[in-house]
Amino acid sequence: MHTNTNLENPVCTGPRNILISMKKIVIAIDGYSSCGKSTMAKDLAREIGYIYIDSGAMYRAVALYCLENGLISKGEIKEEELRKALESLEITFRKDPQTGLPQTYLNGTNVEKKIRTLEVSGQVSHVAALGFVREAMTRQQQAMGRQKGIVMDGRDIGTAVFPDAELKLFVTASDRIRAQRRYDELTAKGEPCSFEEILLNLQERDRIDTTRAVNPLRQAEDAIVLDNSHMSIEEQRKWLADEFRKATAE
Ligand code: DC
């Protein structure tokens, strides 16, 4: 299993980069499905000139590989075949030169769109519950954070991947609000979807993510909780900027 990122640390210039600090830290953002972690992590990373890594994209890429290669069906996984395949799977992140947004590549192919489908969303928690998959991902994620200056979001970043992260956030919001946001997002993209199906999918993912044996989703003791059910993006951005300032104050 190879993962790497060539998302170079962007040059910190321009009016948005008002939060530059000399002290590089690791920022771990965990929380439930579809609570806006990725959006806030991406925004923050851009603002402060850090690398952003979407750890969920890595699990999604493995799930996609399983689906495309007949290794998973209705949550049943051919574990031995996957274990072998993992050794040669290559997951990388590259920036889209036009949008500047990170894109996930699986064995050299851009799979950013494919890993966001409901089909992948419906299977990924099963793949992410496997201990050997988590071990491989965790190793790679830790390697990505060695130089610090990174924002990583996921489910176990503050508890298992970076237990010593200087800033840990745990994000939550009510499940209906999260489902509504996801529904609006897909509808805006013109993708047909049903609110009920999305709600059931995220409730099921929450259930599997919080009850799995290996590194389940839970709040790290030293994490700061953010319930963004009734917060605007702008309010959230300000809150986050404040927490970052506090964490990097010397
Ligand atoms: O954040 P997301 O919805 O893209 O994550 C996809 C799945 O991967 C989700 O079911 C939880 C799992 N995941 C995980 O177990 N650990 C992580 N660090 C990130 C995601």
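You'll find the structure just up there.
Thresholds, definitions, all that
Residues numbered from 1 in each chain as written. Predicted model: local features only at pLDDT ≥ 70, side-chain atom pairs only at ≥ 80, totals over all residues. Heavy atoms only, no water. Axes fitted to C-alpha atoms, helices over the stretch in contact; angles between N-to-C directions. Helix = DSSP H or I, 4+ residues; strand = E, 2+ residues; numbered from the N terminus. Parallel < 35°, antiparallel > 145°, perpendicular 65-115°, else oblique. Left-handed = near helix turned anticlockwise from the far one by under 90°. Contact = heavy atoms within 4.5 Å. Nonpolar A, V, L, I, M, F, W, Y, C, P; charged D, E, K, R; others polar. Pairing = 2+ DSSP bridges. Near = heavy atom within 4 Å. Polar contact = N/O pair within 3.5 Å; in protein donor to acceptor, adjacent residues only side chain to side chain. Areas by Shrake-Rupley, 256 points an atom, 1.4 Å probe, with all protein chains shown as cover. Buried < 20%, exposed > 50% of the residue type's maximum accessible area, 1.4 Å probe, protein only. Phe/Tyr/Trp six-rings, centres within 6.5 Å; stacked < 30°, edge-to-face > 60°.

### A few points about the packing of helix α1 (residues 37–48) against helix α9 (residues 233–248)
Here is step 1: At a minimum axis distance of 11 Å, the contact between α1 and α9 shows a crossing angle of 55 degrees. The angle between α1 and α9 falls in the class oblique. Like other packed secondary-structure pairs, α1 and α9 cross with a definite hand, here right-handed. Residues M40, D43, L44, E47 and I48 of α1 lie in contact with α9, whose contacting residues are I233, Q236, R237, L240 and F244.

### What about the packing of helix α7 (residues 175–188) against helix α8 (residues 195–211)?
Here is step 1: Two numbers describe how α7 lies on α8: the axes approach to 9 Å, and their chain directions differ by 125 degrees. Compared by their axis directions, α7 and α8 come out oblique. As α7 packs across α8, the resulting crossing turns out to be right-handed. On α8, the residues that touch D175, R176, R178, A179, Q180, R182, Y183 and L186 of α7 are F195, E196, I198, L199, L202, Q203 and D206.
Here is step 2: Broken down by class, the residue content of the contact of α7 with α8 amounts to seven nonpolar, two polar and six charged.

### Details of the sheet that holds strand β2 (residues 26–31)
Here is step 1: Across the sheet, which stays open at both edges, the five strands sit in the order β3-β9-β2-β10-β11 with parallel pairing between neighbours. The open sheet has two free edges, formed respectively by β3 (51–54) and β11 (224–227), since each of these has just one partner strand. Across the sheet, the mean angle separating the axes of adjacent strands is 20 degrees when strand polarity is ignored.
Here is step 2: Bridge count for β3 against strand β9 (residues 150–154) is four bridges, and the pairing is parallel. Among the inter-strand pairings, Y52 is bridged to a residue of β9, identified as V151.

### Description of the site of the ligand
Here is step 1: The local shell around the ligand holds 15 residues, among which R60, S125, R134, R205 and R212 are the closest.
Here is step 2: S125 places a polar side-chain atom, nitrogen or oxygen, 2.8 Å from an oxygen atom of the ligand.
Here is step 3: Relative to its unbound accessible area of 450 Å², the ligand is 96% covered by the protein chains.
Here is step 4: Among the elements of the structure, α2 (55–68), α4 (118–128) and α8 are those that each provide at least two residues to the shell around the ligand.
Here is step 5: Residue classes in the shell around the ligand are distributed as four nonpolar, four polar and seven charged.

### Describing unusual backbone geometry
Here is step 1: Located in the positive-phi region is S34, a residue other than glycine, with phi close to 55 degrees.
Here is step 2: Of note, S34 is situated in the loop between β2 and α1.
Here is step 3: Since its relative accessible area comes to 22%, S34 is described here as partly exposed.
Here is step 4: For N107, which is not glycine, the phi dihedral falls at a positive 45 degrees.

### Focus on the packing of aromatic side chains
Here is step 1: Counting across every chain of the model gives three aromatic pairs.
Here is step 2: When the centroid spacing of 5.9 Å and the interplanar angle of 80 degrees are considered together, the rings of Y32 and F170 count as edge-to-face. With Y32 in the loop between β2 and α1 and F170 in strand β10 (residues 167–172), the pair connects residues that are 138 residues apart, well separated along the chain.
Here is step 3: With a relative accessible area of 24%, Y32 lands in the partly exposed category.
Here is step 4: Seen from their ring centres, Y183 and F195 are 6.4 Å apart, and the 75 degrees between their planes marks the pair as edge-to-face. With Y183 in helix α7 and F195 in helix α8, this pair connects stretches of sequence that are twelve residues apart.
Here is step 5: Y183 gets classed as partly exposed once you look at its relative accessible area, which sits at 27%.

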